[in-house]
Amino acid sequence: MATLKFQFDTTLTPEQFIAGLTDFGPGRSKIFRFSTDDFLRVHRQGRTQAVVTEGSPSLWERLHYDWSVPTRVVLTTMDSNVWGGRSGHSYTFHPLAGGRTRLEAVVVREGRNLKGRLLGLLLGSVGRGTLRNALAAAIAAMEARYA
């Protein structure tokens, strides 16, 4: 199992980050490069929760999004072709001086099969930078949207 922790300081408010993270409309792949628009399925969406399948045909997961707490968003993997167990993401927001926000991200990847275990090992080592860069690019795209 791989547990990856990242920290970013951003000009986004928690509300802006949550709005970007939970925008399941067309063009999502421009912000989240591992989520293809053609594969995205919103099963259920409410005011502070959603169930969404996203990814691609080769690597997908059904996630339960919960943003009912204004300082935290939790994505729990409900089903996936590679991830299982305690897999998911969490994002916690801390206000900083000057209107900035510190974003703490935790990504847990527990493989449910051989492919998932191998991907988990890669993410825990050489793939860590790829995931960090993807999240940094998503934050930059959201910052540009709200600039």
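Residues numbered from 1 in each chain as written. Predicted model: local features only at pLDDT ≥ 70, side-chain atom pairs only at ≥ 80, totals over all residues. Heavy atoms only, no water.

Asker: Teacher, can you tell me more about the pairing of strand β3 (residues 49-56) here?
Answerer: Burial runs high along β3: seven of the eight residues are buried. The sheet contact formed by strand β2 (residues 41-45) and β3 spans four bridges and is antiparallel. Bridge assignment links Gln45 to a residue of β3, and that residue is Ala50. What sits between β2 and β3 in their antiparallel hairpin is a turn of three residues. Linking two consecutive strands that pair antiparallel, namely β3 and strand β4 (residues 59-69), is a turn of two residues. (Buried < 20%, exposed > 50% of the residue type's maximum accessible area, 1.4 Å probe, protein only. Helix = DSSP H or I, 4+ residues; strand = E, 2+ residues; numbered from the N terminus. Pairing = 2+ DSSP bridges.)

Asker: Mind showing me how you'd approach the packing of aromatic side chains here?
Answerer: Two measures describe an aromatic ring pair: the distance that separates the ring centres and the angle between the ring planes. In this structure the tally under the stated criterion is four aromatic pairs. On the numbers, 5.6 Å between centres and 65° between planes, the contact of Phe17 with Phe93 is edge-to-face. Placement of Phe17 in helix α1 (residues 14-21) and of Phe93 in strand β6 (residues 83-95) is noted, with a sequence separation of 76 residues between them. Each of the two residues, Phe17 as well as Phe93, counts as buried. A centroid spacing of 5.0 Å and a plane angle of 80° characterise the contact between Phe24 and Tyr65, whose relative ring orientation is edge-to-face. Of the two residues, Phe24 sits in the loop between α1 and α2 (28-31) while Tyr65 sits in strand β4, which places them 41 residues apart along the sequence. This pair shows no difference in class: Phe24 is buried, exactly as Tyr65 is. One aromatic cluster is present, formed by Phe17, Tyr91 and Phe93 through successive ring pairs. (Phe/Tyr/Trp six-rings, centres within 6.5 Å; stacked < 30°, edge-to-face > 60°.)

Asker: Where do I start with the pattern of salt bridges in this structure?
Answerer: Side-chain pairs of opposite charge can arise whenever the charged atoms involved come near each other. All told, the structure shown has six salt bridges when counted by the stated rule. Taking the shortest distance from any N to any O, the salt bridge between Asp9 and Arg102 comes out at 2.8 Å. Of this pair, Asp9 sits in strand β1 (residues 2-10) while Arg102 sits in strand β7 (residues 101-111), and the two are 93 residues apart along the sequence. Here Asp9 falls in the partly exposed class, since its relative accessible area comes to 38%. (Salt bridge = Lys/Arg side-chain N within 4 Å of Asp/Glu carboxyl O.)

Asker: Got a minute to help me understand the environment of Met78 in this structure?
Answerer: Note that Met78 resides in strand β5 (residues 72-80). Here the alpha-carbon distance between Met78 and Leu63, two residues 15 residues apart in the chain, equals 5.5 Å. Excluding its chain neighbours within four sequence positions, the residues that come into contact with Met78 are Val51, Arg62, Leu63 and His64. (Contact = heavy atoms within 4.5 Å.)

Asker: In this structure, what is going on with a nonpolar patch on the surface? I would like to understand it.
Answerer: On the surface, Leu114, Leu118 and Leu121 cluster together into a nonpolar patch covering about 330 Å² of accessible area. Among the structural elements, Leu121 can be located in helix α3 (residues 114-124). (Patch = residues over 30% accessible without salt bridge, like charges linked within 9 Å, V, L, I, M, F, W, Y side chains within 5 Å. Areas by Shrake-Rupley, 256 points an atom, 1.4 Å probe, with all protein chains shown as cover.)

Asker: Hey, could you run me through the environment of Arg112 in this one?
Answerer: You can see Arg112 is positioned in the loop between β7 and α3. Sequence separation between Arg112 and Gly85 is 27 residues, and the spatial gap between their C-alpha atoms is 7.1 Å. Dropping the residues within four chain positions of it, Arg112 is found in contact with Asp79, Ser80, Asn81, Val82, Trp83, Gly84 and Arg117. Among the polar contacts listed, one links the side chain of Arg112 to the backbone oxygen of Ser80, at a separation of 2.5 Å. (Polar contact = N/O pair within 3.5 Å; in protein donor to acceptor, adjacent residues only side chain to side chain.)

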